[in-house]
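# Close look at the chain arrangement
Letter by letter, the chains look like this.
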Amino acid sequence: MMGNGRGDTEALREEIRRTRVELGETMELLAAKADVKARLRESADQARQRMREQAGQAMARMRAQAAEMTGLARADMAQQGEMMRRNPAPWLAIAAGAAAVAVVLLIIQGRRR
């Protein structure tokens, strides 16, 4: 402490200045909490943003699954094609049966006329 009381006055002024700053910050926080419209708007914006993120994640998952399924389908078709090249007899039998059914239907239809 100084003998003339100047130190105490300066310290008191500094304390008053800090208190005013803190009070101003507190008032801003209270005003923000009291502004219901702004809080609702902010809440809606946050919800919108979360929905966009979730939709983006869902689209990414769906695209990944579609790519995986496409790859599996291509592999399956390639395998079936390879089986047909190795042993075409079952497919020839199916084609012959279909042709026979078509001929029988044509004969039956011709007799009805």
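Before any of the text, the structure's been laid out above.
To start, this report covers the structure provided alongside it. Chains are numbered independently. Their residues run from 1 in the order of the written sequence. Only residues with pLDDT of at least 70 are given local features in this predicted model, and only at 80 or more are side-chain atom pairs given and counted; all residues enter the totals for whole chains, interfaces and linings. Note: side-chain values were computed over all heavy atoms of the structure, leaving out hydrogens and water.

### Things to note about the overall build of the protein chain
The cut-off we apply is this: To qualify as a helix, a DSSP run of H or I must reach at least 4 residues; to qualify as a strand, a run of E must reach at least 2; elements of each kind are numbered from the N terminus. A radius of gyration in this sense is built from C-alpha atoms; the matching globule rule multiplies 2.2 Å by the number of residues raised to 0.38. Throughout, exposure labels follow a simple rule: accessible area from a 1.4 Å probe, protein chains only, divided by the maximum for the residue type, with under 20% read as buried, over 50% as exposed, and the rest as partly exposed. Note on areas: Shrake-Rupley with a 1.4 Å probe; residue coverage comes only from the protein chains shown.
Each helix and strand counted, the protein chain has three helices and zero strands in total. Element order for the protein chain, N to C, with α for helix and β for strand: α-α-α. Over its C-alpha trace the protein chain gives a radius of gyration of 41 Å, far above what one expects of a compact globule, namely 13 Å for 113 residues. Seen through its C-alpha atoms, the protein chain measures out along the principal axes to roughly 130 × 40 × 10 Å. Here the protein chain holds 113 residues, and the buried ones make up 1% of them. A total accessible area of about 10,600 Å² is found for the protein chain, and carbon and sulfur atoms account for 61% of it.

### As for the pattern of salt bridges
Here is the rule: Throughout this description, the term salt bridge denotes a Lys or Arg side-chain nitrogen within 4 Å of a carboxyl oxygen of Asp or Glu.
In this structure the tally under the stated criterion is four salt bridges. Among the ionic pairs, E14 bridges to R17, the shortest N-O distance being 2.6 Å. Of this pair, E14 and R17 both sit in helix 1 (residues 6-34), three residues apart, roughly one helical turn. Assessed through its relative accessible area of 31%, E14 is described here as partly exposed. By relative accessible area, which is 44% here, R17 ends up partly exposed.

### Considerations on a nonpolar patch on the surface
Applicable threshold: Only residues above 30% relative accessible area that lack a salt bridge enter a patch, with like-charged residues linked at up to 9 Å and the nonpolar side chains Val, Leu, Ile, Met, Phe, Trp and Tyr linked at up to 5 Å.
Taken together, V101, V104, L105 and I108 make up a surface patch of nonpolar side chains, about 350 Å² in accessible area. Of note, V101 is situated in helix 3 (residues 89-112).

### Description of the environment of L40
For L40, the position within the fold is in helix 2 (residues 36-86). As for L40 and R18, which are separated by 22 residues in sequence, their C-alpha atoms are 32 Å apart.

### Some points on the environment of R61
With respect to the helices, strands and loops of the structure, R61 is situated in helix 2. Placed 36 residues apart in sequence, R61 and G97 show a C-alpha to C-alpha distance of 44 Å.

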